[in-house]
Protein chains: 2
Amino acid sequence: MKEPNSPDSPLAELCRQRGLKLTGQRRTIAFVLSDSDDHPDVEELYRRAVEVDPRISIATVYRTVRLFEENGILQRRDFGGGRARYEVADGDQGDHYHLIDADSGRVIEFENTELDSLLAGIVRQMGYDLVTTRLSVVGRPKAKGGTRD
Amino acid sequence: MKEPNSPDSPLAELCRQRGLKLTGQRRTIAFVLSDSDDHPDVEELYRRAVEVDPRISIATVYRTVRLFEENGILQRRDFGGGRARYEVADGDQGDHYHLIDADSGRVIEFENTELDSLLAGIVRQMGYDLVTTRLSVVGRPKAKGGTRD
DNA sequence: TTGCAAATGATAATCTTTCTCATTATTGGG
DNA sequence: CCCAATAATGAGAAAGATTATCATTTGCAA
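Note on numbering: residues in each chain are counted from 1, in written sequence order. Each chain is given a letter, starting from A, and each ligand a number, starting from 1, according to the order in which they appear as written. A pLDDT threshold of at least 70 governs which residues receive local features in this predicted model, and a stricter bar of 80 or more applies before side-chain atom pairs are shown or counted, although totals over entire chains, interfaces and linings include all residues. Side-chain calculation: all heavy atoms of the structure are included, whereas hydrogens and water are not.

1. What about the environment of Asp41(A)?
Residues and elements named next belong to chain A. Working definition: helices are DSSP H or I runs of at least four residues, strands are E runs of at least two. Numbering for both runs from the N terminus. Structurally, Asp41 is set in the loop between helix H2 (24-34) and helix H3 (42-52). Beyond its immediate chain neighbours, meaning those up to four positions away, Asp41 contacts Arg83, Ala84 and Arg85. Here a polar contact is recorded for every N or O atom pair within 3.5 Å, except that within protein the pair must consist of a potential hydrogen donor and a potential acceptor, and residues adjacent in sequence are included only if both atoms are side-chain atoms. A polar atom in the side chain of Asp41 sits 3.2 Å from the backbone nitrogen of Glu43. Between two residues, a contact is recorded if the distance between any of their heavy atoms is within 4.5 Å.

2. Observations regarding the pattern of salt bridges
Counted as salt bridges are all cases of a side-chain nitrogen of Lys or Arg within 4 Å of a carboxyl oxygen of Asp or Glu. Enumeration over the complete set of coordinates arrives at 22 salt bridges over all chains. Measuring nitrogen to oxygen at the nearest pair gives 3.0 Å for the salt bridge that ties Arg76(A) to Glu69(A). On the basis of relative accessibility, which here comes to 27%, the residue Glu69(A) falls in the partly exposed class. One salt bridge in this structure joins Asp38(B) and Arg48(B), with 2.7 Å as the shortest N-O distance. Any residue under 20% of the maximum accessible area for its type is buried, any over 50% is exposed, and the rest in between are partly exposed; the area is computed with a 1.4 Å probe on protein chains only.

3. Examining the interface of chain A and chain B
Contacts between the two partners involve 34 residues from chain A, matched on the other side by 33 residues from chain B. Of the roughly 3,100 Å² buried between chain A and chain B, counting both surfaces, carbon and sulfur atoms make up 65%. Accessible surface is computed with a 1.4 Å probe, and the buried area is the amount of it that two parts give up when combined, taken over both parts together. Taken as a group, Tyr128(A), Arg134(A) and Lys142(A) account for 23% of the area that chain A buries against chain B, more than any other trio of residues on that side. In this structure, the connection of chain A to chain B is made through 14 residue pairs in polar contact (both at pLDDT 80 or more). Of all the elements in the fold, those that place two or more residues in the side of chain A that touches chain B are strand E3 (97-101), strand E4 (107-110), helix H5 (113-125) and strand E5 (128-141) of chain A. When residues of the side of chain A that touches chain B are assigned to their parent elements, the largest contribution, 14 residues, is made by E5(A). When E5(A) meets strand E5 (residues 128-141) of chain B, the two strands line up antiparallel, connected through 13 bridges. Across the sheet, Val138(A) pairs through a bridge with Thr132(B), a residue of E5(B). DSSP-based pairing: two strands are paired if at least 2 bridges between them are found.

4. Overview of the nonpolar core
The criterion is simple. A nonpolar core is a set of buried Ala, Val, Leu, Ile, Met, Phe, Trp, Tyr and Cys residues joined through side-chain atoms within 4.5 Å. With 22 residues, the main nonpolar core has Leu115(A) and Leu115(B) as its most contacted residues. Looking at this core, the elements that each hand over two or more residues are E3, H5 and E5 of chain A together with strand E3 (97-101), helix H5 (113-125) and E5 of chain B. Non-local contacts of Leu115(A), meaning those with residues more than four positions away in its chain, are made with Tyr97(A), Phe110(A), Leu135(A), Leu115(B), Leu118(B), Leu119(B) and Ile122(B).

Now the structure itself:
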């Protein structure tokens, strides 16, 4: 038996719940992801994972990220720039969306229930059930007195 | 001299209006694009262009598509599948959005002014001016009476 | 028509992601 | 606790999409 004093990250728990074999590398990647609140690409994820476990390979990061996506643990995003980026999948509550700062490239998350239901309504009216929404808006900061980097 | 009875496509006209050099290849690609009402990728565009002018190179299609995008003539889209897809940019009126059929992968365009203004409002409230909206929803056809395989 | 700058074609190079395969690690059963 | 079956990993090759290179050709203004 294993005592519960090796505190697995929330995502590692999820990994186990889905019946996925919990290897050291997956534990590491799950930890790194649980620890991130941004939208890293694989290269960045690999950098962070190596900090925790230097013997990890980038091939494993690619494999794991794909596995997690297929199991609903991660969501893949495309913000341009040619590389896929990842974030922890939302729970059962409302989706969230992304505003991309046109100047800095920074990604800002937002939620909006009115938007949720409007989209669901539009899709329903077209004869479909909504499965996924991919929405990112690009915006330029309103010049309002101060400057912004 | 050339008489004005070789009717350039609308996109070729636009190309000229932007001060871009109007080469034979660009004329061909512009024609093919004006003739398309779907969302072809570069490979598909190349296939269609070769039908019109067999001496065109795929490198030129890549270059032209990028040039047109930089000049606001085309919009690049990502519907998954690893290849960029292109469509003629909207005029000054409302954007349009995309519903992707989860079963067939077909892309269905739609417009919605309520959505337009809701998005603009949200973005404004966050301190930004809306530049671009990238929205595609994935939906599954509602089973309505009959069975579905 | 002529010349020059820019575009093109063919292909090499680059970049991201997936695949291959020999080696290693995990997990369940004795 | 140990073993074997089985799946995961590492390293690098391979694939797929896109961009860069460079010699040659072409559009366009004078």
